[in-house]
Amino acid sequence: MTVATSRHPAPAHPEPAGVDNRLVVGGAALTWRSLPTPTLPDPAAVLAHSAVHALTAARQHAVHGTELLLSTVSRVDAAMRAELLEAGFTVSVLDDDGVRPSVPARPRAAEPGRLWLLTSGSTGRPKRVGHTLDTLTTVRADQPDRTWLCPYAPGTYAWWQVVTLSLTQPGQHLVVVEPDELDDWPSVAAAHGVDAASGTPTFWRRTLYRDADALARVPLRQITLGGEPVDQAILDQLREVFPAARISWIYASSEVGASIVVHDGRAGFPVDWLDRETPSRPMLSVRDDELVVTSPYHGAGLAGPVRTGDRVQVLDGRVLITGRLDSDEINVGGSKVSAGVVRGVLAGHRAVAWARVSGRRAPVLGRMVVAEVVLTPADAGVADEAALVRWCADRLPEHAVPRRIRVLTDIPVKETLKSDV
């Protein structure tokens, strides 16, 4: 594993505080200090060939402040490349041969220190959101020494959260897994002493489904979930495997940064957190069943209240995030159904490892509720569609009960570690 580089001007910033933290990537043990700092055009949209190339770009930005948008080759299609070139970025593939740039027709002056993120595209095509290393660094208090697993796609908000923690905090080491290592990440983590891991609920469900015994052999003391709705079932499953670990779920997005952190083992957050003003902390509100966040960690141009597009439900003193407004609500004969609520009921069945709920066209009613599930291996031959429909009928109003439940053989996952739920 090599990264071609060349001479670079003197650093514009001091070395980050975590520069001597250990990195394990591609099977090699490194440190941030030992990574090269490639000479990048400015501004640069860097398409990293692998995890180590992404890390070198992150270190380069931390030291030199180059205006940077970082992603993988697979997340940036031809149309997005054209958009980036039109916006004045030099689009550069970074691999073992160095930097291979495509120069824009109309170059522009760089904005020093600017970092750009591409959103996950859950509301359509990905868009650019501007940040700085400071607004992406939301863990500032001293932390106990940890060795973190980073399974995220380079350049995503969640990836930067783990990377900035390691860059800025001494004692926060990093083990990075490539996409082809995801199915076997517990063995990689155990071999390198990982005791903290961050992942989406789909990431954790998929690992429990594929090899819960291997997961249990990883000495995790900190487990973090985010990026998707977090239901009680996955929290309880992780608590059963890791009774002594701290389990946290985080609500964060490219637009508003890390806004909610919950450590009490319960889905959602306390209702008394709403409309609470605390210096240097995000303020949370609900308008028309939508979560609204006013955050000091917002992206460029997003000051003030930001409508997140996420639907919430207040239940038993908790504010639950059930899904996206544009996809969570299903209108069944004039009655509104939350796909997230139905998904949570299905996930509460011991035989269900994963569930997805959606609406389908139906005569008379207009829409009906349907679902896809993956069953736990021990129950795959026992639970069936009829049993799951009865389970839902005992817990949901009649119009919310799925009329069709399809059983899948594996949990689907995208490059962002999310499912379409």
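Owing to the predicted nature of the structure, the values given are computational and were not obtained by experimental measurement.

A. Up close: the overall build of the protein. A tally of regular secondary structure across the protein gives 10 helices and 24 strands. Rg of the C-alpha trace for the protein: 22 Å, near the compact-globule value of 22 Å for 421 residues, within the 12% margin. Here the C-alpha coordinates of the protein stretch approximately 65 × 45 × 45 Å along the principal axes. Surface summary for the protein: the accessible area is close to 18400 Å², and the carbon and sulfur share equals 52%. Here the protein holds 44 positive side-chain charges and 48 negative ones, and the gap between their average locations is 2 Å.

B. Here's a closer look at the pairing of strand β6 (residues 98-102). Here strand β5 (residues 90-95) runs beside β6; their pairing, made up of 5 bridges, is antiparallel. What sits directly across from V91, in β6, is S102. Between β5 and β6, which pair antiparallel and follow one another directly, the connecting turn spans 2 residues.

C. Structural detail: the nonpolar core. W32, L55, W159, L174, W204 and L225 are the most contacted members of the largest nonpolar core, which totals 78 residues. By size, the runner-up hydrophobic cluster in this structure holds 22 residues, among which are V332, V342, V352 and A371.

D. Broad picture of the sheet that holds β6. With mixed pairing, the 6 strands of this open sheet are ordered in space as β6-β5-β3-β4-β7-β8. Strand pairing shows two members of the sheet lacking a second neighbour, β6 and β8 (128-132), which therefore form its edges. Across this sheet, the average inter-strand angle for adjacent strands is 30°, counted without regard to direction. In this sheet, β5 lies alongside strand β3 (residues 44-48) in parallel orientation, the contact comprising 5 bridges. Opposite A44, over in β5, you have T90 as the bridge partner.

E. Looking closely at the sheet that holds strand β23 (residues 366-375). Judged by pairing direction, the sheet is mixed, and its 3 strands sit side by side in the order β22-β23-β24 without closing on themselves. For this open sheet the edge positions go to β22 (352-362) and β24 (404-408), each flanked by a neighbour on one side alone. Averaged over all neighbouring strand pairs, the angle between strand axes comes to 25°, with direction disregarded. Of the strand pairs in this sheet, β22 and β23 are connected by 10 bridges, and their pairing is antiparallel. Along β23, the bridge assignment pairs V352 with L375. Helix α9 (residues 339-347) rests against β22, β23 and β24 of the sheet, and its axis sits at about 140° to β22.

F. Representation of the environment of V341 within the structure. Mapped onto the elements of the fold, V341 is located in helix α9. In this structure the C-alpha to C-alpha distance between V341 and L396, which are 55 residues apart in sequence, comes to 9.0 Å. Once residues lying within four places of it in the same chain are set aside, the contact partners of V341 are Q313, T322 and L396.

G. Region of interest: the packing of aromatic side chains. Evaluated as defined, the whole model comprises 6 aromatic pairs. Taking the centre distance of 6.4 Å and the plane angle of 85° together, the rings of F89 and W116 count as edge-to-face. Here W116 lies in strand β7 (residues 114-118) and F89 lies in the loop between α2 (78-86) and β5, a separation of 27 residues in the sequence. No difference in accessibility class separates F89 from W116, as the two residues are buried. Seen in terms of ring centroids, F269 and W273 are 6.0 Å apart; in terms of plane orientation they differ by 20°. Their pairing is stacked.

What counts, and where the lines are drawn
Residues numbered from 1 in each chain as written. Predicted model: local features only at pLDDT ≥ 70, side-chain atom pairs only at ≥ 80, totals over all residues. Heavy atoms only, no water. Helix = DSSP H or I, 4+ residues; strand = E, 2+ residues; numbered from the N terminus. Rg over C-alpha atoms; globule rule 2.2 N^0.38 Å. Areas by Shrake-Rupley, 256 points an atom, 1.4 Å probe, with all protein chains shown as cover. Lys, Arg positive; Asp, Glu negative; His and termini not counted. Charge placed at Lys NZ, Arg CZ, Asp CG, Glu CD. Pairing = 2+ DSSP bridges. Core = buried A, V, L, I, M, F, W, Y, C linked by side-chain atoms within 4.5 Å. Buried < 20%, exposed > 50% of the residue type's maximum accessible area, 1.4 Å probe, protein only. Axes fitted to C-alpha atoms, helices over the stretch in contact; angles between N-to-C directions. Contact = heavy atoms within 4.5 Å. Phe/Tyr/Trp six-rings, centres within 6.5 Å; stacked < 30°, edge-to-face > 60°.

That is the geometry; function is a separate question.
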